[in-house]
Amino acid sequence: MGMDFSTLRTLISRYCAGEENWVDSRTVYIGHKEPPPGTEAFIQQRFPDNRIVSSKYTFWNFIPKNMFEQFRRVANFYFLIIFLVQLIIDTPTSPVTSGLPLFFVITVTAIKQGYEDWLRHKADNAVNKCPVHVVQHGKVIRKQSRKLRVGDVVFVKEDETFPCDLILLSSSRDDGTCYVTTASLDGESSHKTYYAVQDTKAYRTEKEVDSIHATIECEQPQPDLYKFVGRINIYMDSDPVARPLGSENLLLRGATLKNTEYIYAVAIYTGMETKMALNYQSKCQKRSAVEKSMNAYLVVYLCILISKAIINTALKYMWQADPNRDEPWYNQRTESERQRHIVIRAFTDFLAFMVLFNYIIPVSMYVTVEMQKFLGSYFIVWDDEMLDEELGERAVVNTSDLNEELGQVEYVFTDKTGTLTENNMEFIECCVDGHVYVPNIICNGQVMTGAGGMDMIDSSPGPDAREREELFFRALCLCHTVQVKEEETVDGIKQGIHQGKSTSFYISSSPDEVALVEGMKGLGFTYLRLKDSHMEILNREDEVERFELLEVLTFDSVRRRMSVIVRDSRGERYLFCKGADSAIFPRVISGKVEQVRARVEHNAVEGLRTLCVAYRPLSPEQYQEVCHQLSGAKLALQDRDKRLAEAYDQIEKDLILLGATAVEDRLQEKAADTIESLHKAGIKVWVLTGDKMETAAATCYASKLFHRNTQILELTTKRTEEQSLHDVLFDLSRTVLRQHGTMTRDNFSSLSGDCTDFGLIIDGATLSAVMRPDQEDSNSGNYKEIFLEICRNCSAVLCCRMAPLQKAQIVKLIKASKEHPITLAIGDGANDVSMILEAHVGIGIMGKEGRQAVRNSDYAIPKFKHLKKMLLVHGHYYYIRISELVQYFFYKNVCFIFPQFLYQFFCGFSQQPLYDTAYLTLYNISFTSLPILLYSLIEQHINMDILKKDPTLYRDIAKNSLLQWSTFIYWTVLGVYDAIVMFFGAYFLFDNTTFTSNGQMFGNWTFGTLVFTVLVFTVTLKLALDTHYWTWINHFVIWGSLIFFVVFSLLWGGIIWPFLNYQRMYYVFMQMLSSGPAWLSIILLITASLLPDVVKKVIWRALWPTTTERIQSADKLYKGQLSEFTPLASLHASSKTGNYRRGSGNQGNAQNPRRSEPLNTKVMFTRWQRTQDYCTFTPLLRFTDGSRYPRRGHAYSGAGPETAV
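Residues numbered from 1 in each chain as written. Predicted model: local features only at pLDDT ≥ 70, side-chain atom pairs only at ≥ 80, totals over all residues. Heavy atoms only, no water.

Per an unreviewed UniProt entry, the protein chain carries the name Phospholipid-transporting ATPase and comes from Betta splendens. Comment text from UniProt for the protein chain, heading Cofactor (unreviewed entry), reads "Mg(2+)". Here is the UniProt Subunit (unreviewed entry) comment for the protein chain, exactly as written: "Component of a P4-ATPase flippase complex which consists of a catalytic alpha subunit ATP11A and an accessory beta subunit TMEM30A." (UniProt positions renumbered as here; feature names shortened; annotations may be inferred.)

Written out as C-alpha cells, the structure reads:
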C-alpha cells in the first residue's frame, strides 16, 4: 500500500495544474523506455511533433483571419461601415464609390500578405520534410524531420544541422565533446564546445546507445538561448545516478556540427517548442511620430466630416420648413418614406450626408504610406556607402515602419565596446606585483620606445618573485574558455602549436580572452589544447605542463569575473580567478594591492581595458566543500542560477592578488567624426557601458564625445561616499543652472545649439540610487527630475558600470521625460538588446559579440560610422518625403470634397453628388495616387553630399516640425481656398451666360466635370511645384497621370457602356472641351488656385528663408556643385527665427564658439571670371550687411554653423 500511495501522490502532484514541479519541468524518457519498476511512475506526456510553423494562415482560415486583422484598422473599419450604410439606405452615391476603393485596398493588402505567407509555407515544408537519422531498436533509420518526437535518439553527422533541441549523449571524440557553430542563431561563427553526459559518453554505437536506460528532467521550453536547467537520471545496475545538465550539454536547433565526425543526442524540445522557434515571436510594435500625427489628423477630419453632415442635415430641414419646398422629385422618395417619423428621416439624411462627404477621409493614404515605407526601405539596403567590404555585409532593415523616425532622433544611446571601438583586442602589458611586463619587448635586442622604467621578463628577479610571475602567466593560460583550432596540412596531418608555426589559432566567444592568451604566448607561456579534461601549456623551457581541469565557474555580467579550478601534476589544486578590478579587489586578502591598483588606474586613464588576476590554493577538504556546493546548486531544477551565484560567491573569496592585465580596444574608423556630426545635428549622444569609469572616459575623449575644455561633472559612488546623494545632485544642479543664468528652459532642449559644454559621468550604483522610486528623506525632492535637469544641460553623458537592465532604464527615463524626445539605441552585443528594444529606434551593429543585437533591432549596420548617413541623409529624406505625402493627401481630399459641400447649398441640400461615380471612385486610386507615391520615394530637396557635409540641416526637421498643427492648418486652409476658387470660379463663369455652339446649355454633370478637371490638374501641378528633384520618372508619372485622366474621360463619355444602367456622362467631357470658354476657365482657375501658394513661397524665401531654402538657392546657383565648396556655414540663418542679422550682430557667438564647431578656417566662395587674369575672383554670396564686398574687419570665415559670412 505504501508504494501505491507514493505512486498516487506522484500522479496527483503531476496532474495538479498548480503544482510547481509539474508546471516548471518536464520528464523525457530516452528512447521512450519506461523507468525500472519502483523508481518513478511512467507517465507518457504529450509533446508537439517537430513540425515548424512560421506561417500565419492556413488555407481555411486565411480569409476570415486576414479580414479580421485588416478591419481592426480604424480607416478600413470606417469605410466598411460607410459601405454598409450605402447598401442599407438610399444614399446619393452608389455603394461602388466606397466599396471599390475599399475592395482595392483590402485585396492588395491580402494578396501581399497571402504571397508572403505562401513563401513561409514553402520554407516550412522544405524544413519539415528534410531527412533525419534516428536510432530505433539498435539501428539507424531515416525519417522526415516533422515526424521526430521528444525522447527520440538522433544521429547527426559532421556539417549537418540539428533538427531540434538535443541533449548530447556521446560523440566520436574520446572526451565526449563536440564543436558547434551557432551562426544561424546568434551570428557567432566561432566553434563552441559542448559536452556529453559523463556516464553516456562511452556509448558510441547504435546498439550501445539504444541500451541507455535514463530519464531527463528539465525546465519547460523558454526562449533564452543561453539558459538551460535540467538533470539526467541514469538507471544502472545499482541505484540511479543523477547528473546535472546545463546549456553546455544542449545542442540547439539550427546550429551546425563541426570538426566532429558524428554525435548521438536525445530530443528534448521539438517543433514550436525549440528555442529557435520561441525566438520567432515578434517584438512589441513601435509606432513613429508621423503615424501618431497621421492618426490625430484623421480624428480632426472625422470631426469635420461629422460637422459637415450635421450642418447639412439641419439646413435641409430648415430649407424644407417652408411648405412650398419639399423633397426634390429626382430623389424618388416613396410615400411611405415621406411619412416616416422626422427623427428617422433626419438620421437617414445624416447618414446619407456622411456617405456623400466620406471621401475627405483618405483610405488610400494608408496603402500609399505602407508602399512608401516598404519600397523606401530598399534605399538603405542598396546604399553602397553602407556596405562593409571587410565583412561583406550591407545594412539590414528589419522593420520599415520607422524609416521616418530616423529623421527625428534627439538622443543617441550607444554602447562602447564593439560599437564605438572595434572589439579587436591587442594585449599591451601586464603588471605582476607592481612589475610591468610587455610582450616581445626585447625581441630585437633593444628596448622598445616608451618602455623605460619597465622590468623585463629576463631581468632575473628573485626566486619568490619569479615563482609568482610564472604563476600569474599560468593563471592566464588556464583561466579562460579559449579553443584551439587546428588547421590540417596537405597530408591531412594536424600540426599543433608547439610542432609548427601558426598552424593553429585561438577561438573564443570573447576577444579579450584570445588577446590575453596570445599575450602570454609573447611572454613565453603557450596554451596548447584541452584534451581529456587536461589543459596543456608549453612553458619557457619548451616543456609541456598538464593541468587537470576540475571546474569552470563561468563568467557572467553580474559577477564580472570567471574562475577555474585545476590540479597540477603534483596533485595541488588551485582556484584561478580573473575579472574586473571592482569584482576582484574586495575579495583579495593579500598581495601587493596598492601597486597593482595604481597601475590599473593608470592604464584605465589611457583608455585600456583592465582585468585583475588572483588565485587561491585549495586543500583537499576545501575542494570537497567546493564540490559539494557546486553539485548541490547544479542539480537544482528551481532557482539554479541563484543558487549557483551564491555558491560562486562562497568559493571566490580569500583570494591572493597576482597582478593585472591591460588590453587595448581601438576606436572604430570615423567614430569620432560621426559623434561630432551628430552633435552638430543637435543630437545628444550618451555612452552606456559596463566598463570602468577611467577607461570609458578615455574612449569618450578619443571619440570627441568630451573635449579638453569640457567641464566634467561626476555623479559617482566615490563622490556620494563623501557627500550625500541629495547634496551632490543639488551641487551639480546649481553648477549647470548658474552657468546658464537666465536662459529659459527651451534653451536646454536637446536640440539647442547654445548648450554650455558640460559632460556628466554617472555610474551604475549611483544611478540605482537616483532611480529608486521613493526616497526616505521627504526633503530630498524628486531625484529623477533633478538628474534629468542636469542631463538636459549637458552636451554629453557617460554612464559606466552599467548592467544591461540599467541601460534600458536610462532609455526609458529619457523617453518618459516631459519633452518626450525620440530616442535611438545602438549596440552590438546581447547586453545591448534591452536598450535596443526600449528605444524608439533600435540599431544593431554586426560586430564580434554575436548577432543578438542585430536580430532584435529595427535596423542593422556594419559599422558605427554608417549611423551618420543613416540619420543625416536617409532619415532626413524619409521624414521630408512622408511629411509631404501625409499633408498632400489631406490637402487633395479637402480640395476634392469641399466643392461637394458647397454644391449642397445650390441643390436644396438634396444630397445630389457633384461628381460622377467613376470620378468619385478613381480620384484617389488612379488619377492622383502615383505622382505622390513616386515623390515620396525619390524626392531629394537638398543634394545628398550637402546633407552629409552640413549636419546642422538636420535641425530644420527636428521635433516633427513639418507635421506641426500650424503646417497642417495651412495645408487645410489652402485646400479650402482651392476648393472655393474651383467651385465659385466655375459657377460665376458659367452662370446663365455660357452656351455651346449649338445653343445647348451646360448641365449639372458638365459643371461637375469642369470642377473635377480643374481639381485634378491643380493638385497634380501643386505637387510638381513642390518637387525639387526631377528625373524622367517624375515627368513620366506626373504628365502621364494627367494624360490618363483625359483619355479615361474621353473613353468614359465617348462610348455607351452596356453594363451601366445610366448614361449621364455620355458625351459630357467632349462637349465641355468643344467650348472655348471652358478651356479658358480651366486655365484661369488652375492659375488662380496655385498662385497664392507660389506667391507666399516667393515672399517667404525672399524675406525669411530657412537654412534649407538658402542652400537650395545656392545649389541652383552652383548648378548642383555646391557641396564642393565647403564649409556651408555662411548659408545658415543667422538666428533661429530665420531673420537676417545685420552688421556684426553675430560677433558674440563667434567669440565664444560651441564645442562642436571646428576651428576657424579661411574659406573663399568664388567663381572664375572670364578674364585672362585667372587669379581674380568674384564673391558669389552676400555678406550679412547685404553687400557683395567685405567691409573692414570682415574675413571669408566659416567658423561654424551659426557664423554668417
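Next comes the rest of the description.
Caption draft 1: A look at the overall build of the protein chain. When helices and strands are tallied, the protein chain shows 39 helices and 36 strands. Counting over 1205 residues, the protein chain shows a buried share of 53%. Pairs at least 24 residues apart make up 72% of the contacts formed inside the protein chain by residues separated by at least 6 positions. Summing over all exposed atoms, the protein chain offers an accessible surface of approximately 54,600 Å²; the carbon and sulfur share of this is 56%. (Helix = DSSP H or I, 4+ residues; strand = E, 2+ residues; numbered from the N terminus. Buried < 20%, exposed > 50% of the residue type's maximum accessible area, 1.4 Å probe, protein only. Contact = heavy atoms within 4.5 Å. Areas by Shrake-Rupley, 256 points an atom, 1.4 Å probe, with all protein chains shown as cover.)

Caption draft 2: Main features of the sheet that holds strand S13 (residues 262-269). One open sheet accounts for six strands, arranged S3-S2-S4-S13-S5-S11; its pairing is antiparallel. Whereas interior strands pair on both sides, the edge strands pair on one side only; in this sheet they are strand S3 (139-144) and strand S11 (250-251). Examined bridge by bridge, strand S5 (residues 165-171) and S13 share six bridges and lie antiparallel to one another. From the neighbouring strand, Asp-165 faces S13, where its bridge partner is Tyr-269. (Pairing = 2+ DSSP bridges.)

Caption draft 3: Examining the nonpolar core more closely. By size, the foremost hydrophobic cluster in this structure holds 91 residues, and its most contacted members are Met-365, Val-886, Phe-896, Tyr-915, Phe-1012 and Leu-1015. Residue contacts for Tyr-915: discarding those within four places in its chain leaves Cys-895, Phe-896, Pro-899, Gln-900, Leu-920, Trp-1005, Gly-1008, Val-1011, Phe-1012 and Leu-1015. (Core = buried A, V, L, I, M, F, W, Y, C linked by side-chain atoms within 4.5 Å.)

Caption draft 4: Region of interest: the confidence of the model for the protein chain. In this model, the protein chain carries an average pLDDT of 77, and 78% of its residues clear a pLDDT of 70 or more. Segment residues 777-781 is flagged for pLDDT under 50; beyond a separation of four residues in sequence, or across chains, it makes six contacts in the model. (pLDDT = per-residue confidence, 0-100.)

Caption draft 5: Summary view of the UniProt feature "active site" (unreviewed entry) in the protein chain. Residues annotated by UniProt as "active site" (unreviewed entry) correspond here to Asp-415. Here Asp-415 is to be found in the loop between strand S15 (411-414) and strand S16 (421-432). Ignoring anything within four residues of it in the chain, the contact list for Asp-415 reads Leu-420, Leu-688, Thr-689, Lys-807, Ile-826, Gly-827, Asp-828, Asp-832 and Met-835. At 3.3 Å, the side chain of Asp-415 forms a polar contact with the side chain of Lys-807. (Polar contact = N/O pair within 3.5 Å; in protein donor to acceptor, adjacent residues only side chain to side chain.)

Caption draft 6: Quick look at the UniProt feature "binding site: Mg(2+)" (unreviewed entry) in the protein chain. UniProt feature "binding site: Mg(2+)" (unreviewed entry): in the numbering of this structure it lies at Asp-415, Thr-417, Asp-828 and Asp-832. Maximum C-alpha separation among the annotated residues is 10.7 Å over a sequence range of 418 residues, consistent with a single clustered spot. In this fold, Thr-417 is placed in the loop between S15 and S16. Look at Thr-417 and you get buried, because its relative accessible area is 9%. Here Asp-828 is to be found in the loop between strand S32 (823-827) and helix H27 (833-838). The class for Asp-828 is buried, based on a relative accessible area of 0%.

Caption draft 7: Structural view of the packing of helix H29 (residues 866-903) against helix H30 (residues 917-927). Across the interface, H29 lies against H30 with an axial gap of 11 Å and an inter-helix angle of 165°. Taken together, the axis directions place H29 and H30 in an arrangement best described as roughly antiparallel. For the pair H29 and H30, the sense of crossing is right-handed. In this structure, H29 uses Phe-889, Lys-892, Asn-893 and Phe-896 to contact H30, whose residues at the interface are Tyr-919, Leu-920, Tyr-923 and Asn-924. Here the residues of the contact of H29 with H30 sort into five nonpolar, two polar and one charged. (Axes fitted to C-alpha atoms, helices over the stretch in contact; angles between N-to-C directions. Parallel < 35°, antiparallel > 145°, perpendicular 65-115°, else oblique. Left-handed = near helix turned anticlockwise from the far one by under 90°. Nonpolar A, V, L, I, M, F, W, Y, C, P; charged D, E, K, R; others polar.)

Caption draft 8: The arrangement of the packing of H30 against helix H34 (residues 1004-1026) in detail. Running from N to C, H30 and H34 cross one another at 10°; their axes reach a closest spacing of 12 Å. As the angle between them shows, H30 and H34 are arranged roughly parallel. For the pair H30 and H34, the contacting residues are Tyr-919, Tyr-923 and Phe-927 in the first and Thr-1009, Phe-1012, Leu-1015, Val-1016 and Val-1019 in the second. Of the residues belonging to the contact of H30 with H34, the class tally is seven nonpolar, one polar and no charged.

Caption draft 9: The arrangement of the pattern of salt bridges in detail. Counted according to the given criterion, the structure contains 43 salt bridges. When the shortest N-O distance is used, the salt bridge between Arg-474 and Glu-545 registers 2.7 Å. Here Arg-474, found in helix H14 (residues 463-478), pairs with Glu-545, found in strand S22 (residues 544-556); they are 71 residues apart in sequence, far enough to count as distant. Under the relative-accessibility criterion, Arg-474 is labelled buried at 17%. A salt bridge links Asp-649 to Arg-587, with the shortest nitrogen-to-oxygen separation between them at 2.2 Å. A residue pair is termed long-range when its members are at least 10 positions apart, and Asp-649 in helix H19 (residues 640-651) and Arg-587 in the loop between helix H16 (581-584) and strand S25 (588-590) qualify at 62 residues. (Salt bridge = Lys/Arg side-chain N within 4 Å of Asp/Glu carboxyl O.)

Caption draft 10: Geometry of the packing of aromatic side chains. Applying the stated criterion to the full structure yields 59 aromatic pairs. Of the aromatic side chains, those joined through ring pairs into one cluster are Phe-896, Tyr-915, Tyr-919, Tyr-923, Phe-927, Phe-1012, Phe-1017, Phe-1044, Phe-1045 and Phe-1048. Between Arg-881 and the ring centre of Phe-379, over which it is positioned, the NZ or CZ distance is 5.9 Å. Across the ring face of Trp-971, the terminal group of Lys-1022 is positioned such that the distance to the ring centre comes to 4.7 Å. (Phe/Tyr/Trp six-rings, centres within 6.5 Å; stacked < 30°, edge-to-face > 60°. Lys NZ or Arg CZ within 6 Å of the ring centre and 35° of its normal.)

Caption draft 11: Focus on the side chain of His-840. Structurally, His-840 is set in the loop between H27 and strand S33 (841-845). One polar contact links the side chain of His-840 to the main-chain amide nitrogen of Thr-823, over a distance of 3.0 Å.

Caption draft 12: Representation of helix H11 (residues 342-357). In a regular helix each residue adds 1.5 Å, so 16 residues correspond to 22 Å; H11 covers 22 Å between its end C-alpha atoms and thus fits that length. The inward-facing, buried residues of H11 contact helix H4 (74-88), helix H9 (289-319) and H29. (Expected span 1.5 Å × (residues − 1).)

Caption draft 13: Here's a closer look at the environment of Pro-899. Locating Pro-899 in the fold gives a position in helix H29. Since its relative accessible area comes to 0%, Pro-899 is described here as buried. Dropping the residues within four chain positions of it, Pro-899 is found in contact with Val-894, Leu-914, Tyr-915, Ala-979, Phe-983 and Val-1011.

Caption draft 14: Quick look at helix H12 (residues 363-376). When the terminal C-alpha atoms of H12 are compared, their 20 Å separation across 14 residues agrees well with the 20 Å that a helix rising 1.5 Å per residue should span. For H12, the tally of buried residues reaches ten of 14 residues, placing the bulk of the element in the interior. Residues of H12 that are buried: Val-363, Ser-364, Met-365, Tyr-366, Val-367, Thr-368, Val-369, Gln-372, Lys-373 and Gly-376.

Caption draft 15: Representation of the pairing of strand S31 (residues 796-800) within the structure. With respect to burial, S31 is a largely interior element, five of its five residues being buried. In S31, alternate side chains face the same way, and those of Ala-796, Leu-798 and Cys-800 on one face and Val-797 and Cys-799 on the other are all buried. The pairing of strand S28 (residues 684-688) with S31 spans four bridges and is classified as parallel. Bridge pairing in S31 places Val-687 opposite Leu-798. Of the strand pairs in this sheet, strand S30 (residues 758-763) and S31 are connected by five bridges, and their pairing is parallel. Bridge pairing in S31 links Gly-759 to Ala-796.

Caption draft 16: Seen up close, a nonpolar patch on the surface. Together, Met-371, Phe-374, Leu-375, Tyr-378, Phe-379 and Trp-382 make up a nonpolar patch on the protein surface, roughly 550 Å² of accessible area in all. Position of Leu-375 relative to the elements: it lies in helix H12. (Patch = residues over 30% accessible without salt bridge, like charges linked within 9 Å, V, L, I, M, F, W, Y side chains within 5 Å.)

Caption draft 17: Representation of the pairing of strand S21 (residues 534-538) within the structure. With four of its five residues buried, S21 lies for the most part within the structure. Across five bridges, the pairing between strand S20 (residues 526-531) and S21 is antiparallel. For Arg-529, the partnering residue across the bridge sits in S21 and is Glu-536. The sheet contact formed by S21 and S22 spans five bridges and is antiparallel. Residue pairing across strands places Met-535 opposite Phe-547, the latter belonging to S22. Where S21 folds back on S22, the antiparallel hairpin that results is connected by five residues, among which Asp-542 adopts a positive phi of roughly 60°.

Caption draft 18: Structural context of the environment of Thr-766. Note that Thr-766 resides in helix H24 (residues 764-771). In the structure, Thr-766 is positioned 48 residues away from Lys-718 in sequence and 9.4 Å away in space, judged by C-alpha atoms.

Caption draft 19: Region of interest: the sheet that holds strand S6 (residues 177-181). Within the open sheet, the three strands sit side by side as S7-S6-S12. Their pairing is antiparallel. Looking at strand neighbours, the two that pair on one side only are strand S7 (192-195) and strand S12 (256-258), the edges of this open sheet. Averaged over all adjacent pairs, the angle separating strand axes in this sheet is 45°, with direction ignored. Pairing between S6 and S7: four bridges, direction antiparallel.

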